[in-house]
Every structure is written in structure tokens, then in C-alpha cells.
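Here is what each chain is made of, one letter per residue.
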Amino acid sequence: MVNTLKVTPVKGFWDRRAYLQFPWEIYRNDPNWVPPLLCMQKGLLGFQKDAYYIRNQIQTFLARRNGKVVGTIAAIVNQGHLEIYNDNRGFFGFFECEDNQETANALFDTAREWLREKGLNRVRGPMNPSINHTMGLLVDGFHLPPRFMMTYNKPYYQKLIENYGFQKAQDAYAFVGDLEMLPGIIGKYTRIADQIKERFGVKIRPLDTSRFDEEIRMFLDVFNRSNSNTWGYVPMSEAELEQEAKGLKTLIVPDLAIFAEIDGKIVGSELCIPDFNPAIRKIKGRLFPFGFMTLLNTKRHFNEIRSISTNVLPEYQMMGIPLLLLQAILPAAEKWGINKAEFSWVLESNDYSRGSLEKAGTIPEKTYRIYDLGD
């Protein structure tokens, strides 16, 4: 049989379906893989309406060998990134591939050509589809499944990407700590925490459920503003903020959402959410018709959490407020019987956050890598 490899743009229902189903083929016998929530994945891929694509563009591609799907990739134009950094950089994401360098090369060649047609000669990834979603290639920590909204991939993907010519741009880490160790560690800093509260007039409080929608929106505003100096960060648009607020409303456990205020102004926040991944694996990524109830049930019975964000506005970042936010999570941890927390992700260039987590006794359990090409 003639070996024919073709990479073509996704067009129509059957191509989209093949694209969405391909990961089930790649990870068929992998016990640590967690399928994506298909209803969310369709939006992230641009297969259905999503706020991210009001100002940005995506083109998805399928690689087929003798008619069989053997790889996927997406080429992404992030307009917000270009406006801030002006670096002629496009992005790749949603990369899945058989263990074959020819296939990987063909996928990257096709994505790069599409980006060149847009005037973009540099490439960064994986971004699925941006730094505000899931990002990075897992390069260390394959022995455990990922937690909610963190990526997972085959170990050989690193070889495929680096053999093509991509080079490391930045690593990000997932720090993990056993909650039972935190009271003792934080106890060492109780006096300092009290001094911070007294000196700066910091008030710590949980999310106010009577103003649920407004509170979630305030958290996202703090998130947007506090990350302004983060490597590669692009603020979410107004439409994206609105969409994220609606999505978080179904995921948040109010006890695990903490705010820091000074003179009635919110200056920092910490948001932890249950690790929904065991439930997502159980429902195989399908919320409907009955998976949604399984996911909601996780909000009542969980023992591991992921801290997706600890944010402090730039002008307040040297006051020690993250210590107060971490301290405030302990009562909720005891109430819910939480035994483990992941703090992810943390960029290697973020010395402040890394140092705070290391002092708290957490350890980096997984490493995710972002690659650049063309610099």
C-alpha cells in the first residue's frame, strides 16, 4: 500500500467529529489521561460560539495517513498578544499525534504556513488556545493524572516538538502540598500575619453568596489586573470575562473563594476549586444527558483541590497578603476534609510565587513547558 500522509483544514461536521474523537484513540490505554469536557472543547476549538474568537482566529488541521486520522493541530492568531507585544508571533495548540516524526513535521509545517499567510513568522505553544486557558506540554510528572484544567500528553510529544526545532521558552510548575502540614507551617507565620493585618488594615473574607455574580466578576477583575506583569500574559476581553464568570459560577465552592480587602477595596483573592477530573473521567467527558449531575455531586464530596489563582493587585504585592489568603483556606479545608492541594500553574520566572510556595512546604510535582520557534 502506498503511504500517503495528508494534512487538511477541518471542514464540516465529520471533520470536527474526527478531530474531537482522536484523543480517545491516542490515549486509549493510558490510565492517567482525563478526557476534555466536550462541551467546553468545542468552544475552545472554535467549533461553536466562544467569546475568545470574537477578536482572535483559529484554524484546525487533521493529519490522515491512508485515510486514517493520525494527528491534529491548531494554528491560532491571538490579537491581544500582538497588540501588547508586537512580536509577529502566532501560536499552536491542541497538538495530538502518533509517535511519528514525519506526521508531527507535517502538522507543524501546515500550521506555520497558515500563520505566515497572516504575517506571523514566530510560533509559540502549546496554547489551548491561550495562556488564560490550558497551556504547556507536560515534560515531567507522568506518574499521576492531571488535576482539573491542567494538560496531559504522551511523553514522546517532547521529542516530536524538539526534533522539529522548537526550543524552551518557559517552564511552569504544579506545586502540591498535603493540607495536614499547612497548620504547622502557617503557625510559624501567625505573628507575621497578625502584624500584616494590623499594619495595613487587611480584612480577609469569603465570597459573599448573596452577591454571587458580582463577586465572581470582581475576582476576575483582580485576576486580569494582577497578572499585568506576568510573562506572556494577555488580559481577557470584556466578553471573555463575562463568559468566564458564567462558567465559574457552576464550579465554585464559596468556602474556597477568599478575598482580601483594604478600606473596603478588594486588593487580592484566592480561588480554589474541587478537582473535578475523577468525575470527568467517569463520565468520559460528556456532560449530557447525565454527566452534569455527576459533576455537580463532586462539589459535595471531594478531598483534593486545585488553587487556580492567588492574585494581588500590583501596588499591594509586597505586603504579604498571599500568606493571609493561604491561612484563610485552612478552615474550609478542615470543614470539607480536604487532604491535598495543587497550586498551578506557576511560571519559573515568577520568583515571588515560587518562593512563597516553597516556604509553605509545597513541592513541584509536575513541569509544563512552553516552546518558541523563530526567535
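In case you missed it, the structure is sitting above this.
Residues numbered from 1 in each chain as written. Predicted model: local features only at pLDDT ≥ 70, side-chain atom pairs only at ≥ 80, totals over all residues. Heavy atoms only, no water.

### Quick notes on the packing of helix 4 (residues 101-117) against helix 5 (residues 157-164)
Close contact between helix 4 and helix 5 brings their axes to 10 Å; oriented N to C, the two are set at 55°. Accordingly, the angle class assigned to the pair helix 4 and helix 5 is oblique. The element helix 4 and its partner helix 5 pack so that their crossing is right-handed. Touching Gln101, Ala104, Asn105, Phe108, Asp109 and Arg112 of helix 4 are Lys159, Leu160, Ile161, Asn163 and Tyr164, all from helix 5. Its residues assigned to classes, the contact of helix 4 with helix 5 comprises five nonpolar, three polar and three charged. (Axes fitted to C-alpha atoms, helices over the stretch in contact; angles between N-to-C directions. Helix = DSSP H or I, 4+ residues; strand = E, 2+ residues; numbered from the N terminus. Parallel < 35°, antiparallel > 145°, perpendicular 65-115°, else oblique. Left-handed = near helix turned anticlockwise from the far one by under 90°. Contact = heavy atoms within 4.5 Å. Nonpolar A, V, L, I, M, F, W, Y, C, P; charged D, E, K, R; others polar.)

### What to know about the layout of surface pockets
Quantified by volume, the second largest pocket comes out at close to 370 Å³. Surrounding the second largest pocket, 15 residues form its lining, Leu20, Leu38, Cys39, Lys42 and Arg286 being those nearest its centre. Mapped onto the lining of the second largest pocket, the elements with two or more residues apiece are helix 1 (12-26) and helix 2 (38-44). When residues of the lining of the second largest pocket are assigned to their parent elements, the largest contribution, six residues, is made by helix 1. Broken down by class, the residue content of the lining of the second largest pocket amounts to eight nonpolar, three polar and four charged. (1 Å grid on protein atoms, 1.4 Å probe; cavity = no way out; pocket = protein on both sides within 12 Å on 5 of 7 lines; lining within 4 Å. Points joined across faces, edges and corners; volume = space filled by probe spheres on them.)

### Concerning the packing of helix 8 (residues 212-226) against helix 9 (residues 238-249)
Where helix 8 contacts helix 9, the axes come no closer than 9 Å and their chain directions differ by 125°. Taken together, the axis directions place helix 8 and helix 9 in an arrangement best described as oblique. Crossing of helix 8 over helix 9 shows right-handed handedness. Facing Phe212, Asp213, Ile216, Arg217, Phe219, Leu220, Asp221 and Asn224 of helix 8, the residues of helix 9 in contact are Glu238, Leu241, Glu242, Glu244, Ala245, Leu248 and Lys249. Here the contact of helix 8 with helix 9 is composed, by residue class, of seven nonpolar, one polar and seven charged.

### Side note on the pattern of salt bridges
Taken as a whole, this structure holds 30 salt bridges when the rule is applied. Arginine 55 is paired through a salt bridge with glutamate 240; the nearest N and O atoms lie 3.6 Å apart. Of the two residues, arginine 55 sits in the loop between helix 2 and strand 2 (57-65) while glutamate 240 sits in helix 9, which places them 185 residues apart along the sequence. Arginine 217 is paired through a salt bridge with glutamate 238; the nearest N and O atoms lie 2.4 Å apart. On the criterion of sequence distance, the pair formed by arginine 217 in helix 8 and glutamate 238 in helix 9 is long-range, its members being 21 residues apart. Exposure remark for glutamate 238: the relative accessible area of 51% places this residue in the exposed category. When salt bridges that share partners are traced, they join Arg205, Asp208, Arg211, Glu214, Glu215 and Glu261 into one network. (Salt bridge = Lys/Arg side-chain N within 4 Å of Asp/Glu carboxyl O. Buried < 20%, exposed > 50% of the residue type's maximum accessible area, 1.4 Å probe, protein only.)

### Focus: the pairing of strand 2
Here strand 1 (residues 5-9) runs beside strand 2; their pairing, made up of five bridges, is antiparallel. The residue of strand 2 that forms the bridge with proline 9 is phenylalanine 61. Pairing of strand 2 with strand 3 (residues 68-77), which is carried by nine bridges, proceeds in the antiparallel orientation. Considered in strand 3, the bridge of arginine 64 is made with valine 69. Connecting strand 2 to the antiparallel partner strand 3 that follows it, the hairpin turn spans two residues, and asparagine 66 within it adopts a positive phi of roughly 55°. (Pairing = 2+ DSSP bridges.)

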